[in-house]
Amino acid sequence: MDLLILQGMAFLVAAVIAPPLFRRLGFGTAVGYLCAGIVIGPSGLRVFDTAEEVVTVSQLGIVLLLFVIGLDTRITHLVAMRRDIVGLGLGQVALTTLVLAAIAIGFGVPPAGAFVLAFAFALSGTAVALQLLDERGDLPRPYGQRSFAILLAQDLLTVPMLALIPILFASQASSGTDAMRDAGLAVGVIASIVLAGRYLLDHLFRALAASGAREAMTAAALLVVLGAALAASAAGLSMALGAFIAGVMLAGSSYRHQLRADIEPFRGLLLALFFMSVGMMIDIGGVARQAALVATLLLAYLAVKVALCLALARLFGAGSRDALRMALLLASAGEFAFVLVPLSLDLGLVAPGLAELAIALAALSMIVAPPLASLVDRLLARRREAETMDEDFEGARGSVLVLGFGRFGQIASQLLLAQGVETTLVDADPERVRSAARFGFKVYYGDGERLDILRAAGAETARVVLVCLDDPNHSRRVCELIRDAFPMARVHALAHDRAHAIALMEAGVAFQIRETFESAVLCGRSVLEALGVPRDRALAVEQDVRRRDAERLELQRLKGIEAGIDLLHQTAMQPEPLVPPRREAARP
């Protein structure tokens, strides 16, 4: 018991000291936890004799992390990311595996062992990458979304590989019948998680919320995460994948924000424990004895992986800055390296010395890659360094709150101000705030995705909140937050395209409008009138176009984006007349 208390105290002290210290030094919290694990592990103070004592528990940190990410991921969003998941994600794993395997074979590693090691090192550190994206607030950005798509593809690929490696390389390989049975079990477990998330869990949380027992909600949230993770693990799948699927199924729940708040403290502590356990795996003495070899392999591995990921990102249309950020973010080895390398050792595919070297290399890459990524990100940011402003909402009041003072927000707010409607204007761009002040507009500085900013800006008393944000993902999250936190406020929002309009409709906005659609319809009507079409006839055509567009939009919302795209393709191939034929049209 005394030893457990001592280990717990050592973990908490390290968790308190390491993150702020290493973040101040510019290395990030993940590196702080990794170095703290080295200090308190077998190579340091020996508070923990072996890393295996904490690895099993610490992996729950990744499970909770993937659940929280799932809460922010809609199925329609995954469908929209399918090109990056299938093309960029699978391409990165396949290309990196082939190149690393060829290099390993060239240095005398047997082909089977070279393939398994190459696949293990082709994967990236999900926890490291997502921790960096979370610290930067860049997950919603295009490069953050593409990085997440690659990480998700890697996790999906790990599932069949963990099942196939023993079948392909073990002497006691499972029979084809066993493989089919395992595959059927895996599909059944995933289907069960999906069905439970869709039809049972929302009712469970509604009943618990009605009871008023806050601790029961927290316990239920943990039960859902661990239940999904254990069910997936029992079927031979990744526990993290099971938790992610459960999170996606609850992404549309009205209790999503509450679930996230309940899970967050446990996620943070267990994720810290995971990083420390990785640090404990590093044998400092062994690394020191082979310092030159380890350093050479580490630099070569990072260079190859960054180069391949950079080339693929550019090939798939990413800009040079975003491609470099993605490549460095995904440079480190992944958590599954600590599963696949021991597995290859148990199967006799690699020698014990090579397995030890591979473990050390994977752990060191997780230490070196984050500060390198942060350094390059700071260098890139210096060229476009954004100035910050004080968030002062003194005097903010009004029956309408406008979030986003870009081109659309400026025009919409002019109508409100001209009518004398008390309006609070908020924007997150400091230069735009200052520019508006020069033209006599009072615009407050703040991010509409922060609940404290919304409260300070008067969202609790506003009758209408108008969301005019440039980023569709940001806009959707803000609308969902307002809907959940301020149910009495009516939300109107700018939509950028059909997919965004559908997302806003699913987020519960009272009114959404596509700026390009409205301007195009009005322009088309003006051309008809210029051609001599009577005004009432031109208006009838306009109303008919609006009606059919609304019907198609509703069909897309009900059947999903894929069905809507098919419908649009069919419409493009067989255009229908703007207005159904009428008998009166032939009369003079």
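Residues numbered from 1 in each chain as written. Predicted model: local features only at pLDDT ≥ 70, side-chain atom pairs only at ≥ 80, totals over all residues. Heavy atoms only, no water.

Digging into unusual backbone geometry
Phi is positive for Arg-46, close to 60°, though the residue is something other than glycine. By relative accessible area, which is 47% here, Arg-46 ends up partly exposed. (Buried < 20%, exposed > 50% of the residue type's maximum accessible area, 1.4 Å probe, protein only.)

Remarks on the side chain of Ser-344
Relative to the helices and strands, Ser-344 is located in helix α17 (residues 337–346). Its relative accessible area of 0% is what places Ser-344 among the buried residues. Among the polar contacts made by the side chain of Ser-344, one reaches the main-chain carbonyl oxygen of Val-341 at a distance of 2.6 Å. Excluding its chain neighbours within four sequence positions, the residues that come into contact with Ser-344 are Val-116, Leu-117, Leu-349 and Val-350. (Helix = DSSP H or I, 4+ residues; strand = E, 2+ residues; numbered from the N terminus. Polar contact = N/O pair within 3.5 Å; in protein donor to acceptor, adjacent residues only side chain to side chain. Contact = heavy atoms within 4.5 Å.)

Quick notes on helix α15 (residues 291–315)
The terminal C-alpha atoms of α15, which comprises 25 residues, lie 36 Å apart, in line with the 36 Å expected from a rise of 1.5 Å per residue. Turning to α15, its buried residues are Val-294, Leu-298, Tyr-301, Leu-302, Lys-305, Val-306, Leu-308, Cys-309, Leu-312 and Ala-313. One or two positions beyond α15, positive phi appears at Gly-317, with a value near 95°. (Expected span 1.5 Å × (residues − 1).)

Quick word on the pattern of salt bridges
Counted under the stated rule, the structure contains 17 salt bridges. Across the salt bridge formed by Arg-325 and Asp-322, the nearest N and O atoms sit 3.7 Å from each other. Of this pair, Arg-325 and Asp-322 both sit in helix α16 (residues 320–329), three residues apart, roughly one helical turn. Of the residues examined, Asp-322 reaches a relative accessible area of 21% and is grouped as partly exposed. Arg-514 serves as the salt-bridge partner of Asp-549, at 2.4 Å between the closest nitrogen and oxygen. Linking Asp-549 in helix α25 (residues 535–559) with Arg-514 in strand β6 (residues 511–514), this pair joins segments that are 35 residues apart in sequence. (Salt bridge = Lys/Arg side-chain N within 4 Å of Asp/Glu carboxyl O.)

Considerations on the nonpolar core
In terms of nonpolar packing, the biggest core is built from 131 residues, with Phe-67, Phe-121, Phe-205, Leu-250, Phe-275, Met-276 and Leu-340 touching the most fellow members. At 15 residues, helix α18 (residues 352–383) tops the list of elements feeding residues into this core. Ignoring anything within four residues of it in the chain, the contact list for Phe-205 reads Met-217, Ala-220, Ala-221, Val-224, Leu-250, Tyr-255 and Leu-259. Ala-462, Leu-481, Ile-482 and Leu-553 belong to the second-largest nonpolar core, a separate cluster that totals 29 residues. (Core = buried A, V, L, I, M, F, W, Y, C linked by side-chain atoms within 4.5 Å.)

Quick word on the packing of helix α1 (residues 2–24) against helix α13 (residues 256–280)
Closest axis-to-axis distance for the α1/α13 pair is 11 Å, and the angle between their directions is 100°. Classified by the angle between their axes, α1 and α13 sit roughly perpendicular to one another. Residue-level contacts link Phe-11, Ala-14 and Ala-15 of α1 to Leu-269, Ala-272, Leu-273 and Met-276 of α13. Residue classes in the contact of α1 with α13 are distributed as seven nonpolar, no polar and no charged. (Axes fitted to C-alpha atoms, helices over the stretch in contact; angles between N-to-C directions. Parallel < 35°, antiparallel > 145°, perpendicular 65-115°, else oblique. Nonpolar A, V, L, I, M, F, W, Y, C, P; charged D, E, K, R; others polar.)

Some thoughts on the confidence of the model for the chain
With 86% of its residues at a pLDDT of at least 70, the chain reaches an overall mean of 79. Looking at the elements of the chain, mean pLDDT is at its lowest for helix α26 (residues 561–573), recorded as 45, and at its highest for α15, recorded as 92. Note on residues 171–176: pLDDT is under 50 here. Beyond four places in sequence and across chains, it has three contacts. Low pLDDT (under 50) marks residues 567–588, which in the prediction has 18 contacts with non-local residues, meaning those over four places away or in another chain. (pLDDT = per-residue confidence, 0-100.)

Some words on the side chain of Asp-549
Asp-549 sits in the buried class, given a relative accessible area of 6%. With residues up to four places along the chain from it excluded, the contact list for Asp-549 reads Arg-498, Arg-514 and Phe-517.

As for helix α5 (residues 82–106)
If you check α5, its first and last C-alpha atoms are 35 Å apart, about what 25 residues at 1.5 Å a residue would give, namely 36 Å. The set of residues buried in α5 consists of Asp-84, Ile-85, Leu-88, Gly-89, Gly-91, Gln-92, Val-93, Thr-96, Thr-97, Leu-100, Ala-101 and Ala-104. Of the residues trailing α5, Gly-108 is marked for its positive phi of about 95°.

Structural notes on the packing of helix α11 (residues 214–234) against helix α12 (residues 239–249)
For the pair α11 and α12, interaxial distance at closest approach is 7 Å and the crossing angle is 135°. By the angle between their axes, α11 is oblique relative to α12. Considering the relative orientation of α11 and α12, their crossing is right-handed. Here α11 contributes Val-225, Ala-228, Ala-229, Leu-230, Ala-232 and Ser-233 to the contact with α12, which in turn contributes Met-239, Gly-242, Ala-243 and Ala-246. The residue makeup of the contact of α11 with α12, split by class, is eight nonpolar, two polar and no charged. (Left-handed = near helix turned anticlockwise from the far one by under 90°.)

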